[in-house]
Amino acid sequence: QVQLVESGGGLVQVGGSLRLSCAASERTSRMYAMGWFRQAPGKEREFVASISWAEYYGDSVNGRFSLSRDNVKNTVYLQMNSLKPEDTAVYYCAAASRPVQHLMRFTNVDYWGQGTQVTVSS
């Protein structure tokens, strides 16, 4: 069972930046895709971004967020810039051990992290 541990969440002001990290218990090179979802209070969990042999971003974060992957450290990073209050949510790391192109569909996800809170204050 692969474990994913998120870190880097916290409180930031509007327009600020945060970098989330997701450390995997197994080599990230063995994961076909890794990425992030988020869930705000009272809302459904939504796709944020994923990286496989290509990168995919949700419409609401495209151009502000970026993914990177360090297969030596078995860690995936989500750099979040120009943060807005609507980015406030619990952010979940996700991974697929099957050969999927992206994680836009929940059914593509094999493993989930526990989540880390991001709060953007105005």
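Provided above is the structure to which this section pertains.
Rules used in this analysis
Residues numbered from 1 in each chain as written. Predicted model: local features only at pLDDT ≥ 70, side-chain atom pairs only at ≥ 80, totals over all residues. Heavy atoms only, no water. Disulfide = S-S within 2.5 Å. Helix = DSSP H or I, 4+ residues; strand = E, 2+ residues; numbered from the N terminus. Buried < 20%, exposed > 50% of the residue type's maximum accessible area, 1.4 Å probe, protein only. Pairing = 2+ DSSP bridges. Axes fitted to C-alpha atoms, helices over the stretch in contact; angles between N-to-C directions. Contact = heavy atoms within 4.5 Å. Phe/Tyr/Trp six-rings, centres within 6.5 Å; stacked < 30°, edge-to-face > 60°. Salt bridge = Lys/Arg side-chain N within 4 Å of Asp/Glu carboxyl O.

**Things to note about the state of the cysteines**
Thought 1: Under the criterion given, the structure shown has one disulfide.
Thought 2: The disulfide partner of Cys 22 is Cys 93, and the gap between their sulfur atoms is 2.0 Å. When the S-S torsion is -80°, as for the bridge of Cys 22 with Cys 93, the disulfide is left-handed. Here the residue Cys 22 occupies a position in strand β3 (residues 18–24), and Cys 93 occupies one in strand β9 (residues 89–96), the gap between them amounting to 71 residues.
Thought 3: For Cys 22, a relative accessible area of 0% gives the class buried.

**Comments concerning unusual backbone geometry**
Thought 1: One non-glycine residue, Asn 74, lies in the positive phi region at around 55°.
Thought 2: Tracing the chain through its elements places Asn 74 in the loop between β7 (65–70) and β8 (75–80).
Thought 3: Notably, Ser 82 is not glycine yet its phi reads approximately 50°, a positive angle.
Thought 4: Locating Ser 82 in the fold gives a position in the loop between β8 and β9.

**Concerning the sheet that holds β7**
Thought 1: If you walk across this open sheet you meet the four strands as β1-β3-β8-β7, and the pairing is antiparallel. Unpaired on one side and paired on the other, β1 (4–7) and β7 mark the two borders of the sheet. With strand direction ignored, the average angle separating the axes of adjacent strands in the sheet is 15°.
Thought 2: Relative to β8, β7 is paired through six bridges, and the arrangement is antiparallel. Bridge assignment links Ser 66 to a residue of β8, and that residue is Gln 79.

**Notes on the environment of Thr 28**
Thought 1: The residue Thr 28 is located in the loop between β3 and β4 (33–39) in this model.
Thought 2: Residue Thr 28 is classed as buried on the basis of its relative accessible area of 0%.
Thought 3: A sequence separation of 80 residues divides Thr 28 from Asn 108, and the C-alpha atoms of the two residues are 16 Å apart.
Thought 4: The contacts of Thr 28, once residues within four sequence positions are left out, are Met 34, Arg 69, Asp 70, Asn 71, Asn 74 and Thr 75.

**Here's the deal with the packing of aromatic side chains**
Thought 1: Counting across every chain of the model gives four aromatic pairs.
Thought 2: With centroids separated by 5.3 Å and ring planes inclined at 25°, the aromatic side chains of Phe 37 and Phe 106 adopt a geometry described as stacked. Taken together, the residues Phe 37 in strand β4 and Phe 106 in the loop between β9 and β10 (111–112) connect sequence positions 69 residues apart.
Thought 3: Judged by relative accessible area, which is 46%, Phe 106 ranks as partly exposed.
Thought 4: Plain terms: the ring middles of Phe 106 and Trp 112 are 6.3 Å apart, the flat faces sit at 45° to each other, and that makes the pair tilted.
Thought 5: The class for Trp 112 is partly exposed, based on a relative accessible area of 30%.

**Some remarks on the pattern of salt bridges**
Thought 1: Under the defined criterion, the tally for this structure stands at four salt bridges.
Thought 2: A salt bridge links Arg 38 to Glu 46; the nearest nitrogen and oxygen atoms lie 2.6 Å apart.
Thought 3: Using a relative accessible area of 34% as the deciding quantity, one classes Glu 46 as partly exposed.
Thought 4: A salt bridge links Arg 64 to Asp 87; the nearest nitrogen and oxygen atoms lie 2.7 Å apart. You can see Arg 64 sitting in the loop between β6 (55–57) and β7 and its partner Asp 87 sitting in the loop between β8 and β9, a full 23 residues away along the chain. Residues Arg 64 and Asp 87 agree in their burial class; the two are buried.
Thought 5: Beyond isolated ion pairs, a larger network of salt bridges with shared partners links Arg 38, Glu 46, Arg 64 and Asp 87.

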